[in-house]
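This is what each chain is made of:
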Amino acid sequence: VQLQASGGGLVQAGGSLRVSCAISGRDFSRYTVGWFRQAPGKEREFVAAVRASGGSTYYSDSVKGRFTMARDNAKKVVTLQMNSLKPEDTAVYFCAAGSGLILSSIRSARQYPQWGQGTQVTVSS
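Here's what I pulled together on the structure shown here. (Residues numbered from 1 in each chain as written. Predicted model: local features only at pLDDT ≥ 70, side-chain atom pairs only at ≥ 80, totals over all residues. Heavy atoms only, no water.)

Turning our eyes to something else, we now look at the state of the cysteines. The final tally for this structure, using the stated rule, is 1 disulfide. One disulfide in the model links C21 with C95; its S-S distance is 2.1 Å. Residues C21 and C95 are joined through a disulfide that is right-handed, its torsion about the S-S bond being 70°. Pair noted here: C21 is in strand 3 (residues 17-24) and C95 is in strand 9 (residues 91-99), with a separation of 74 residues, a long-range link. C21 gets classed as buried once you look at its relative accessible area, which sits at 0%. (Disulfide = S-S within 2.5 Å. Helix = DSSP H or I, 4+ residues; strand = E, 2+ residues; numbered from the N terminus. Buried < 20%, exposed > 50% of the residue type's maximum accessible area, 1.4 Å probe, protein only.)

This is how it looks when you write it as C-alpha cells:
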C-alpha cells in the first residue's frame, strides 16, 4: 500500500485541524493504520491508531480526549480530527500502515512498514 497525508497547517492554540491519510492499494481493510508525529529534535512518537478488524481506536495519553481517529474502508481514507490544539502538538504528522499487528505492538513505529510523507501541523501560542 501507499499512503499520502494531507491537511496540516497553522492554527492558534485551542483551535482545530483535521489531517487525512489516503491509502492506495489492495486489502486496505486488513491494515492497522497509525498516526505518529515528530517534533524538531525529538523522536517520533505514537499519536493514535485504528485496528483493521473492528476499527478499535487507541490514543496516546497526551492526545486522548482531544483527538479522534476514524477510518473509512470504502474510501480508503483515515482521518485524525484534532481539537483543543496546544503548541506542544506542533510536529510533522505521519500516517503508517501495517498488517498483522498485535495489540501490544500497536504503539511502536517499528511495527509499521509502510509510511506516508508527513504533513506539518503548527500550533501557535
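Structure shown, so let's carry the discussion forward.
The strands making up a sheet associate through backbone hydrogen bonding, with each pair oriented either parallel or antiparallel. Strand order in the open sheet formed by 4 strands is 1-3-8-7, with antiparallel pairing between adjacent strands. The open sheet has two edge strands with one neighbour each: strand 1 (2-6) and strand 7 (67-72). Going across the sheet, the axis of each strand differs from the next one's by a mean of 15°, ignoring polarity. Pairing analysis gives 6 bridges linking strand 3 to strand 8 (residues 77-82), with the strands arranged antiparallel. Among the inter-strand pairings, S20 is bridged to a residue of strand 8, identified as T79. (Pairing = 2+ DSSP bridges. Axes fitted to C-alpha atoms, helices over the stretch in contact; angles between N-to-C directions.)

In terms of residue burial, strand 5 (residues 45-50) counts as a mostly covered element, since 5 of its 6 residues are buried. Here 5 bridges tie strand 4 (residues 31-38) to strand 5, and the two strands are oriented antiparallel to one another. Its bridge partner lying in strand 5, W35 is registered against A48. Counted between consecutive antiparallel strands, the loop separating strand 4 from strand 5 contains 6 residues, among which G41 sits at a positive phi close to 80°. In terms of strand pairing, strand 5 meets strand 6 (residues 57-59) through 3 bridges, oriented antiparallel. Note that in strand 6 the partner of A48 across the bridge is Y59.

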